[in-house]
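# Residue-level structural notes
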Amino acid sequence: MAKASAATKKRASKTPAGSSRRQRDVPQRERYSSPSDMVAAAAAASGLAAVAKERNNVEAASATRRDDGWSFPPWNPHVMDKNKKHYRSYFMDFMTFFHRRQGKEVPTGGYPLTKMFTRDELLEITPRDVHDWMAIKAFGKVDYGPGDKSTGARLTTLEYMKKAVSSFMPNKRPYWQDGRGNPTKSDMVNDLLKKVQTKQVRKMGAKSKVKRQLRKTEMEKEIEIMRGRENWEDRIKFVAMAVWQFNFIARIDDTCHHELFDVKGHKTFPFALQSKVRWSKNVVDERKCPDQIILGANDPLWCLILLLGVYLETYLESHPDPKYLFTEKVHEVDGVDMAPDNLKNKWRSHLKKFVWNTSDFKDVDCGEDEDEGGVGTHSRRKFAADYAANCGQSDMAVEIRGRWKRKGNRIVFQYIGLKKSFEDASVCASLCIGGPIKYELKQGLDSLITPDWIFANVIPNIRGKFSDTTLCTVIGKAVLYACMSEEDRILVPDNLKQRVRTAYSQLNLEETQPVKKVPLHVHRMNDRLMISPILEGDEVAGVGGRGGMLGNEAIQTILLRQHQYQVETNQRFDSIGSQMWDMRNFFGRQLKQVNNNIRSFGGTIEGSFVRQRTQRMEAAASVAAPSSTNRSQDEVGAEQLPLLSNNVSSLHDLWTEYKFGLNGRKPAEQFTTRERNVSRAVAAKYCRRKIVWDCIQRIINSSGCSYTHAIKRIRDVYGWNTSTTEIMKLIKADKERFKDHG
């Protein structure tokens, strides 16, 4: 006994002070080199011994942790969203499995959704419990092997189950380590998910039930079937909602919750609309919900502005005070308006019953074999995103239009603005099937078809609700086009069409369709969004030797930028000409001052200037300033003389004489009435040349081009070898011939 006690003391002396105390507190740290080793060892342990030991560690850790105010969330179905309801259902299923495994008494059908759990009960959960529960769901057993198939659940389902359990954990943020943390965030659970993913790739997993995307032919068939129905809701309302969801790459929930006054006229482009999608799932901050543009589409079946206008005009007639864009406020349950949810369920029910389950829809050739499970309301959002990407839009641009959350927390995202007008408009243009357009009254009809006439006769119900003039004007032109059109792809209720056509017939116009579509091109000038009409006809003639519309986006962008640069160059040229004129006046004043100063020292220069002055210059000076008898002759000689050149050899010199003057003379544009009519010869010469000056000025004003381009167009018409005098005669003759045409 003495030897044994001595050996014991010897071993105790070799043990560092305080080590036994640390072993009692955290025994796992000295046993394993890392948390993953600890979890793996616990998983490999036989029976419940390892699990029980791990639970003891959890209890020890929870005993030393202070209460942070956590409480188990109560069951309130009227306040909870859909995800929280599903989370609770999965969690109750897990707790039923967990407590039955512990031998506790559990109701026969499992825990109800109203069941509450304490913090201590949840801190007993370990990664092994979560792993085994998910393994049974996927493989049907806990001890699965390489040859077993995971036909019970797919990876996405297991990930959702993992998130459901994690949302109820008291310590949901930290990873599982040293017997504490979130048990769902562990290597054991993640390894199970990886194995299920591998099984799916090898066709050993559950079959996918994910709803595939729609195809363009399928959505057109859906619209065709809904338009064939008899009730207004299916024919007008649900079709407008479908195109709205497609245009905004939105969820069905976003569309149903859209409020009426979220739609407004665009502030920059008076032919477009804009709206906020406030209900989008990823929008949790007002800054992340910028206005998004709405453009018209050349194909009326996909034109959101046209469909929205027809829908609103008929909808507001029977529901003059709605809260939402697509449904009125029906009733509230515990302070929550259930109208959007009712609309969503009704729309989904109609699509399933009257469209997706019909043989006409199923017989549509998609062009591809689909392994995924059917179509749903989310299929339209997938179709819109995929269609935009196939049109050449970048992933980032589609993300912006669809309001998806940016992945990653890089600092650069804090400095880049959230509003990306060009990317949003570019994707919107791609989703305008047939190309983006604007509705515009045909030339000469603006004086008869005024905005007030449109508001009173075409969209009185919309105007009565909206004070936004831009919105009413844009929608009014689209509805007028729809009512006056004979296209089969445009559907307008008979009462609306008859009312508009009756009012239009009272104008006694020969034009059967007063509105035209103007194709648009979305491009960018430096950091500015530009939406310009597509150049047509003469404006693009000479590019590749062809006229007509150029559909290629790159060529259109180059042409429009070229046109913009040309306008800016002309403006700068005019500015330079004005500066040169100011400099010329400045130097004239300075020269006069110098002459006056030299005259005061002897007058020799004064005498030389007087002798050099000819009689003609004196006569012209006297005409220009009849009251100059009291002024010195130097002051008169220093002014520009109002004289026209005898011989002008080119149109360029003729224009220079008009704007700036030749050989230091006064510009003809600044001649007074007395100066133009000083003699019959001067008056005749001025009138002949003014015909050419006016012609050049009209070309510049109408097309925004430079005077050199205007001269080139005149030469193209009258010939490059024709003399200037002959051109004056030809223009005068044409003016007389076409005076009735303006």
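Analysis parameters
Residues numbered from 1 in each chain as written. Predicted model: local features only at pLDDT ≥ 70, side-chain atom pairs only at ≥ 80, totals over all residues. Heavy atoms only, no water. Helix = DSSP H or I, 4+ residues; strand = E, 2+ residues; numbered from the N terminus. Buried < 20%, exposed > 50% of the residue type's maximum accessible area, 1.4 Å probe, protein only. Contact = heavy atoms within 4.5 Å. Areas by Shrake-Rupley, 256 points an atom, 1.4 Å probe, with all protein chains shown as cover. Salt bridge = Lys/Arg side-chain N within 4 Å of Asp/Glu carboxyl O. Expected span 1.5 Å × (residues − 1). Arc of directions from axis to C-beta. Patch = residues over 30% accessible without salt bridge, like charges linked within 9 Å, V, L, I, M, F, W, Y side chains within 5 Å.

### Let's talk about the overall build of the protein chain
Helices and strands together make up the secondary structure of the protein chain, namely 33 helices and nine strands. Per-residue burial for the protein chain yields a buried fraction of 43% across its 742 residues. Across the protein chain, contacts joining residues at least 24 apart in sequence account for 66% of those joining residues at least 6 apart. Of the accessible surface of the protein chain, which amounts to about 41,200 Å², a share of 50% is contributed by carbon and sulfur atoms.

### Topic: the pattern of salt bridges
Inspection of every chain in the model, using the stated rule, returns 35 salt bridges. For the salt bridge of Lys221 with Glu224, the shortest nitrogen-to-oxygen distance reads 3.5 Å. Within this pair, Lys221 and its partner Glu224 are both found in helix 11 (residues 216-227), separated by three residues, close to a single helical turn. Using a relative accessible area of 49% as the deciding quantity, one classes Glu224 as partly exposed. The shortest N-O distance in the salt bridge between Lys346 and Glu233 comes to 2.8 Å. Note that Lys346 is positioned in helix 15 (residues 339-356) and Glu233 in helix 12 (residues 232-247), a separation of 113 residues in sequence. Given the relative accessible area of 38%, Lys346 is considered partly exposed. One network of salt bridges, in which partners are shared, links Arg251, Asp253, Asp254, Asp341, Lys344 and Arg403.

### Considering helix 33 (residues 724-737)
With 14 residues, helix 33 ought to run about 20 Å at 1.5 Å a step, and its terminal C-alpha atoms sit 20 Å apart, in line with that. Within the sequence span of helix 33, burial applies to Thr724, Ile727, Met728, Ile731 and Asp734. Buried residues of helix 33, viewed axially, fall in a sector of 130 degrees; they line one side. Within helix 33, the exposed residues directed more than 90 degrees away from the buried face are Lys729, Glu736 and Arg737. The inward-facing, buried residues of helix 33 contact helix 29 (651-659), helix 31 (680-703) and helix 32 (707-718).

### Some points on a nonpolar patch on the surface
A surface patch of nonpolar side chains, amounting to about 320 Å² of accessible area, comprises Met583, Phe586 and Phe587. Note on placement: Met583 falls in helix 25 (residues 553-599). Classification of Met583 as partly exposed rests on a relative accessible area of 46%.

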